[in-house]
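Read off the chains here:
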Amino acid sequence: GTPDRRFTLRGREGVLDIKSGAVPITVGPQTAAYAAAIIELGFAARQLRYCVALQPDSYKLTQLADPADFTLFLSCRNIYNWRNRNG
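Residues numbered from 1 in each chain as written. Predicted model: local features only at pLDDT ≥ 70, side-chain atom pairs only at ≥ 80, totals over all residues. Heavy atoms only, no water.

A short note on the side chain of K19
Then step 1. Topologically, K19 is positioned in strand β2 (residues 12-20).
Then step 2. Accessibility expressed as a relative area gives 17% for K19, which makes it buried.
Then step 3. A polar side-chain atom of K19 sits 2.8 Å from a polar atom in the side chain of D17.
Then step 4. Here Q30 takes part through its side chain, which lies 3.2 Å from a polar atom of the side chain of K19.
Then step 5. In contact with K19, other than residues within four places in its own chain, are P24, V27, Q30, C51, V52, A53 and L54. (Helix = DSSP H or I, 4+ residues; strand = E, 2+ residues; numbered from the N terminus. Buried < 20%, exposed > 50% of the residue type's maximum accessible area, 1.4 Å probe, protein only. Polar contact = N/O pair within 3.5 Å; in protein donor to acceptor, adjacent residues only side chain to side chain. Contact = heavy atoms within 4.5 Å.)

Some thoughts on the sheet that holds strand β1 (residues 5-9)
Then step 1. Reading across the sheet, the four strands line up as β1-β2-β3-β4 and stay open at both edges, with mixed pairing between neighbours. What marks the edges here is a single partner per strand, and that holds for β1 and β4 (59-63). On average, adjacent strands in this sheet sit at an angle of 30° to one another, irrespective of strand direction.
Then step 2. Bridge count for strand β3 (residues 48-54) against β4 is five bridges, and the pairing is antiparallel. Bridging from a neighbouring strand, Y50 pairs with Q63 of β4.
Then step 3. Across the sheet, helix α1 (residues 27-40) is in contact with β1, β2 and β3; its angle to β2 comes to roughly 145°. (Pairing = 2+ DSSP bridges. Axes fitted to C-alpha atoms, helices over the stretch in contact; angles between N-to-C directions.)

Set out below in structure tokens:
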């Protein structure tokens, strides 16, 4: 995947995921994976993570800060890879 936007806020880098309609519960692990990839490429050591949910007449900005999000992403990726190897 690719983050929808990267930004700098008060000297800290971050990723922003843009959703239309309902925000899936997977957005935390998704943005944690984006942030980890950016860190791996040699950019900021810690990324801010946000999601903006667009509605017809409004929007809602949510900061994503659960430290377990990246671990959950890795667990899902491991299960996906295991299932592909083992049918």
